[in-house]
Amino acid sequence: RGSDVIREQNKLIPNMASFLAPPAKTLLHGVNRVNCPKKTNVKRPSFVTKAGKYDDELLETATKMTQPGKGILAMDESNATCGSRLEGVGVENNEENRRRYRELLITTPALGEHIGGAILFEETLYQSCADGTSFVDALNANGIYPGIKVDKGLKPLANTNESWCQGLDGLADRAAEYYKQGARFCKWRSVVSIPDGPSRTAVTDCAYGLARYAAICQNAGLVPIVEPEILLDGDHDIDTTFEVASWVWAETFKYLADNNVSFERMLLKPSMVGPGADCPKRSTPEEVADYTLRMLKSRVPPATAGIMFLSGGLSELDSTLYLNAMNQSPNPWHVSFSYARALQNTVLKTWAGDDEKKAEAQAILARRAKENGLAQLGKFVAGDVSESESESTYQKNYVY
């Protein structure tokens, strides 16, 4: 499989032989001259880079979300996924219970010290706290930018065993409405499966879809988070993940550039480069950090505002340790986190629908945010952890 991936990557490298060959020369009037057409006075076209309507605001949003020690709280699970987690702790899946749990998260005291943005599901963007304060206003009061998940989920990719992400139809109109509601950034998640492929069709669709989404949303005033997740599913080793991730990111940035997406005004949400969930050979945090940073440094332009890693099923502790290992030396970008399960796993189990446990659950969320904020600075030191913090949050064939 690795050799197949390398062959696919090599297709991206154009044949430069014709450019390297020296020009033919001929002797005219005793002087060597390069054969060329007769010089004519041709007027060259002028190219003007048009400033976008939201350029300044986008840059300000991206900059403030990537301040030292800050990351992103991902709480944009669909109603079905959020509901399955609630049911897992004995709480009925209905709109009010989803609202109660989400209110617990966004009203956590001092959460904005280490969280720069919170990604919301569409339902959540329009919800309010029990006292009538809108979730958008509550987040802004805590110094946290509201964001929104804009993709419409995964569908089977015809003639393959893989998936593609839908949601481009009507995106411009939806993005404009989300901006009016108070969202200032957004997220689109597409996936690549190693055991199910990866085929060139799936990788190209993933990369192109992400690029079109990013361009559309920047034009609507939303900072896009680009998320091509390499799924943990499979028994492949870390070297195979490295090769596939390198290929996916090469394609992604090609299409981002083709669509004139501003790198300074976007964030990336990649998977960390590690072995498959079923691989018998596990990697240390230092190995994961080394492979991940080598891949990113070969693919991601330094102008990119921030790298906000997804946890992808890692345990709460491992996701923090891996992030800390990647920040032991300076990086070209803000290297931080955009975690859902890795921030909320213990929080949800502690609350379990009991509002008398709300303060305790919020204290855990504040601590987990602080720990990952320290990891963003490379200063995290692991102490005593609970059983839930060390357990894997991996789910096979995970649907967000």
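Not measured: the values here are computed from a predicted model.

K.L.:
Help me understand the side chain of threonine 350 in this model?
P.N.:
Along the chain, the position of threonine 350 falls in helix H13 (residues 341-351). Of note is the side chain of threonine 350, whose polar atom sits 2.8 Å from the backbone oxygen of threonine 346. Sequence-distant contacts of threonine 350, that is, excluding residues within four places in its chain, are made with Lys357, Glu360, Ala361 and Ile364.

K.L.:
Honestly, the packing of aromatic side chains in this entry has me stumped. Any pointers?
P.N.:
Note on aromatic pairs: each is described by the distance of the centres and the angle between the planes. In the structure shown here, the tally under the stated rule is 8 aromatic pairs. Aromatic pair tyrosine 208 and tyrosine 255: ring centres 5.7 Å apart, planes at 85°, arrangement edge-to-face. Within this pair, whereas tyrosine 208 is found in helix H9 (residues 200-218), its partner tyrosine 255 is found in helix H10 (residues 238-258), the two being separated by 47 residues in sequence. Judged by relative accessible area, tyrosine 208 falls into the partly exposed class, the value being 41%. Judged by relative accessible area, which is 16%, tyrosine 255 ranks as buried.

K.L.:
It is not clear to me how the nonpolar core should be interpreted in this structure. Could you clarify?
P.N.:
A general trend in soluble globular proteins is that nonpolar side chains are found buried together. The biggest cluster of nonpolar side chains holds 107 residues, and the ones touching the most others in it are Val150, Tyr213, Leu222 and Leu256. Setting aside anything within four residues of it in sequence, one finds leucine 256 in contact with Leu210, Ala211, Ala214, Val226, Val261, Phe263 and Met266.

K.L.:
Mind showing me how you'd approach the sheet that holds strand S8 (residues 185-192) here?
P.N.:
One key point about sheets: their strands pair by backbone hydrogen bonds, in either a parallel or an antiparallel sense. Spatial ordering of the closed barrel is given by S3-S4-S5-S8-S9-S10-S11-S12, a layout of 8 strands whose pairing is parallel. As paired strands, strand S10 (residues 267-268) and strand S11 (residues 306-309) are joined by 2 bridges and run parallel to one another. Within the sheet, the bridge partner assigned to leucine 267 lies in S11 and is glycine 306. Against the sheet, H13 contacts strand S3 (71-75), strand S4 (115-120) and strand S12 (334-339), and its axis sits at roughly 55° relative to S3.

K.L.:
Just checking my understanding: could you explain helix H14 (residues 358-376) for this structure?
P.N.:
For an α-helix the count is 3.6 residues per turn, leaving residues at separations of three or four pointing the same way. In a regular helix each residue adds 1.5 Å, so 19 residues correspond to 27 Å; H14 covers 27 Å between its end C-alpha atoms and thus fits that length. All of the buried residues along H14 are Ala361, Gln362, Ile364, Leu365, Arg368, Ala369, Glu371, Asn372, Gly373, Ala375 and Gln376. One or two steps after H14, the chain reaches glycine 378, where phi turns positive at roughly 75°.

K.L.:
I keep staring at the confidence of the model for the protein and nothing clicks. Help me out?
P.N.:
Where the model shows low pLDDT, its predicted coordinates should not be examined in detail. Mean pLDDT over the protein: 87, with 83% of residues reaching 70 or higher. Of the regions scoring below 50 in pLDDT, residues 392-396 engages in 15 contacts with residues more than four places distant in sequence or in other chains.

K.L.:
Help me out: how do you make sense of helix H3 (residues 55-65) in this one?
P.N.:
Every buried residue belonging to H3 is among Leu58, Thr61, Ala62 and Met65, and all of these are buried. Viewed end-on, H3 has its buried residues packed into an arc of 95°, placing them on one side of the element.

K.L.:
I tried to follow the side chain of serine 336 on my own but got confused; where do I start?
P.N.:
Mapped onto the elements of the fold, serine 336 is located in strand S12. At 2.6 Å, the side chain of serine 336 and the backbone oxygen of lysine 70 are in polar contact. When residues no more than four places from it in sequence are discounted, the contact partners of serine 336 are Lys70, Gly71, Ile307, Met308, Phe309, Leu323 and Gln376.

Conventions we followed
- Residues numbered from 1 in each chain as written.
- Predicted model: local features only at pLDDT ≥ 70, side-chain atom pairs only at ≥ 80, totals over all residues.
- Heavy atoms only, no water.
- Helix = DSSP H or I, 4+ residues; strand = E, 2+ residues; numbered from the N terminus.
- Polar contact = N/O pair within 3.5 Å; in protein donor to acceptor, adjacent residues only side chain to side chain.
- Contact = heavy atoms within 4.5 Å.
- Phe/Tyr/Trp six-rings, centres within 6.5 Å; stacked < 30°, edge-to-face > 60°.
- Buried < 20%, exposed > 50% of the residue type's maximum accessible area, 1.4 Å probe, protein only.
- Core = buried A, V, L, I, M, F, W, Y, C linked by side-chain atoms within 4.5 Å.
- Pairing = 2+ DSSP bridges.
- Axes fitted to C-alpha atoms, helices over the stretch in contact; angles between N-to-C directions.
- Expected span 1.5 Å × (residues − 1).
- pLDDT = per-residue confidence, 0-100.
- Arc of directions from axis to C-beta.

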